[in-house]
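Examination of the molecular architecture
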Amino acid sequence: MDHSMTEPVRTPPFAPFEWLLSGRYLRARRREGFISVIAGFSFLGIMLGVATLIIVMAVMNGFRKELLDKILGLNGHLLVQPLESPLTDWKEVADRISGVAGIKLAAPVIDGQALASSPFNASGVLVRGIRADDLNNLSSIANHIKQGTLDGFDEGQGVAIGRRLADQLSLHAGDSVTLVAPRGAVTPMGTTPRIKPYKIAAVFEIGMSEYDSTFVFMPLKEAQAYFNRNNDVTAIEVYTTNPDRIDAFRKSVTEAAGRPVFLVDWRQRNSTFFNALQVERNVMFLILTLIVLVAALNIVSGLIMLVKDKGSDIAILRTMGATQGSIMRVFLITGAAIGVVGTLTGFVVGLVICLNIESIRQFLSWVTNTELFSPELYFLSKLPAEVDFAETSAVVIMALTLSFLATLYPSWRAARLDPVDALRYE
C-alpha cells in the first residue's frame, strides 16, 4: 500500500509557503482592517522609539563632547600642585613634563581672585597668570580672539579678557580695566588692597558663558608681582593628547616632575558636572526604552487578535498537513517583520535627523519665531549631535530583541491551537 498520499510532507523550516502566508497576513483585507491598523501602530511605535533613542543619545553625547572640549580646552587635563615646598623650580619641572610622550603642553600658572572694574560696572574675576607662548598654544583662546591681538603679551602690561566680561564692563580692546586684589602691599597700617589698571590687549570668546564672563589672562611675571608671589607658581596645567586615558599619564608625569607633587585630573575637578550628565543620560535611555517596550507590546496584542481571527485558517492548514512548527514560524515571521522593518526605519530616520539637527533647529526657530536653544542657558552656540556606533548598535539590537520576544507567546498560542476545536466553534 502506498502511504505517500496519507503522510504529511515534511517541509524545511522557513519554507516559501510560510513566508507567503506571513506576507498575506500583513496585508489584511478590508474585513480584517483593524488588525492591519494595530500592525501599523506597532510599526510606528517601534520606529519612533528607536529614532528618538538614537537622536537623544546622540545629542547628549554631543553635549558631553562639546562641553568637555571647552572645559578641557581652558583647564588642563592634569593639575600638578606642589607638596612640601613652593613651586620655585616650575620652569625645570614644566620642561621635564613637556618631554613625556603624549603631553602636548605643560603650562605653569598663577591663579588668583580679583575685582575687575570700569567706569560703568564691576565684576568678580579669576585672574590667571600664564606665559605668552603657553597662551598661544591654547587653541581654545588663541583661535578665538575677537578683538585685539596676543602679540607682545609678555612685554607690556596687557591682559586678555572674555567677551561677556568685556560686554558687562562696556570695554573693548585698547581700553583700560582696573583690577583690585584684596592682598596688596604690606604697610605699618596693615595689608592694603592692590589697585592697578591694565590695558586690554585682546578679547576672546570660547563659547562657554561661564568662562567668557570670569577669566582674565595676565603675563606670568606680572601676575607674580601682582599677587606677591616669591618667584613661584600656583600649579602646572598639563594638557595631554587623550584626556580619556588620563590614568596612563599619572605615573610618567609624577616621575618626570622629579619632586613631591600632588596630581588632580579633570574628572576629579569636574566630577559633579559630568556625573550629573551621565545620570541624566542613563535615565533618558531607560525612559525612552519604555517607548520601544510599549510598541513591542502592541505587536503582542495585534498578533493575539490575528491568531483568534485566523483560527479556522490554522485548523485547515493543520488538517492539510502543516506542522505546529510551521504555524509557529508563520506568526513569528509576521510579528518579527513589523519589528525589523520598524527598527531599521527608525535607525535611518534617527541618523538623518542627527546629521541635520542644527538645520532642523534653525528651521523650527524660524517657523515658531522663538529661540529654541539659548546659548546663555546651555553654554553652547549650536545644538551638537555625536552618533556613537556602539550605543546605536545597542539600541538597534535591543529593539530587535524586544520585537522578537513579543512574537513568541502569540506564535506559541497559534501552534498549540487544536484544529478540531477551532473548526467546531467556527
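Analysis parameters
- As a convention, each chain's residues are numbered from 1 in the sequence order in which they are written.
- For a predicted model such as this one, the threshold for reporting local features is a pLDDT of at least 70, and the threshold for listing and counting side-chain atom pairs is 80 or more; totals across whole chains, interfaces and linings nevertheless cover every residue.
- The basis for every side-chain value is the complete set of non-hydrogen atoms in the structure, without hydrogens or water.
- UniProt positions are given in the numbering used here, feature names are shortened, and annotations may be inferred rather than shown by experiment.
- A run of H or I in DSSP counts as a helix once it spans at least four residues, and a run of E counts as a strand once it spans at least two, with each numbered from the N terminus.
- What a helix is expected to span follows from its residue count: subtract one and scale by 1.5 Å.
- Exposure is judged per residue with a 1.4 Å probe applied to protein chains only, and the accessible area is read against the type maximum: over 50% gives exposed, under 20% gives buried, and values in between give partly exposed.
- Arc, as used here, means the arc of the directions from the helix axis to the C-beta atoms.
- Note on definitions: angles span 0 to 180 degrees between N-to-C directions of axes, and those axes are lines fitted to C-alpha atoms, for helices only across the stretch in contact.
- Under this scheme an angle from 65 to 115 degrees is roughly perpendicular, one under 35 degrees roughly parallel, and one over 145 degrees roughly antiparallel; angles in between are oblique.
- For a crossing to be left-handed, the near helix must be turned anticlockwise from the far one by less than a right angle; the clockwise case is right-handed.
- By the convention adopted, Pro, Cys, Tyr, Trp, Phe, Met, Ile, Leu, Val and Ala count as nonpolar, Lys, Arg, Asp and Glu as charged, and the other residues, Gly among them, as polar.
- To define a nonpolar core, start from buried Ala, Val, Leu, Ile, Met, Phe, Trp, Tyr and Cys residues and group those joined through side-chain atoms within 4.5 Å.
- Only heavy atoms enter the contact rule, under which two residues are in contact if any of them lie within 4.5 Å.

Within an unreviewed UniProt entry, the label attached to the protein reads Lipoprotein releasing system, transmembrane protein, LolC/E family, and the organism entered is Rhodopseudomonas palustris. In its Sequence similarities (unreviewed entry) section, the UniProt record describing the protein reads: "Belongs to the ABC-4 integral membrane protein family. LolC/E subfamily." The heading Subcellular location (unreviewed entry) in the UniProt record of the protein holds the text "Cell membrane".

Observations concerning helix α14 (residues 357-368)
Over its 12 residues, α14 extends 16 Å from the first C-alpha to the last, a length consistent with the 16 Å expected when each residue adds 1.5 Å. Residues of α14 that are buried include every one of Ile357, Glu358, Arg361 and Ser365, and no others. Take α14 and look down its axis: the buried residues cluster within an arc of 100°, on one side only. A positive backbone phi angle near 60° is found at Asn369, which sits one or two residues after α14.

With respect to the packing of helix α13 (residues 324-355) against helix α16 (residues 389-416)
It is at 8 Å that the axes of α13 and α16 come closest, and there the two elements cross at 155°. When the axes of α13 and α16 are compared, the pair comes out roughly antiparallel. α16 is crossed by α13, and the crossing has right-handed handedness. Each residue belonging to the contact of α13 with α16 can be placed in one class, and the counts come to 15 nonpolar, 8 polar and 1 charged.

Looking at the nonpolar core
Soluble globular proteins tend to pack their nonpolar side chains together in the buried interior. Ranked by size, the top nonpolar core spans 70 residues in total, and within it Ile97, Leu179 and Phe217 carry the most contacts. In terms of residues, this core owes the most to one element, strand β2 (residues 103-117), which gives 8 residues. Once you skip the residues sitting within four places of it in the chain, Phe217 turns out to touch Leu74, Arg128, Ile130, Leu135, Ile141, Phe153, Val159, Ala160 and Phe204. Grouped together as the second largest cluster of nonpolar side chains are 37 residues, Ala295, Val300, Ile357 and Leu383 included.

Notes on the packing of helix α11 (residues 271-309) against α16
For the pair α11 and α16, interaxial distance at closest approach is 9 Å and the crossing angle is 25°. Judged by the angle between their axes, α11 and α16 are roughly parallel. Judged by the sense of rotation from one axis to the other, the crossing of α11 with α16 is right-handed. Together, Arg281, Phe285, Thr289, Val292, Leu293, Ala296, Ile299, Val300, Leu303, Ile304, Val307 and Lys308 of α11 and Glu391, Val395, Met398, Ala399, Leu402, Ser403, Ala406, Thr407, Tyr409, Pro410, Arg413 and Ala414 of α16 make up the contact between the two elements. Among the residues making up the contact of α11 with α16, the classes are represented as 17 nonpolar, 3 polar and 4 charged.

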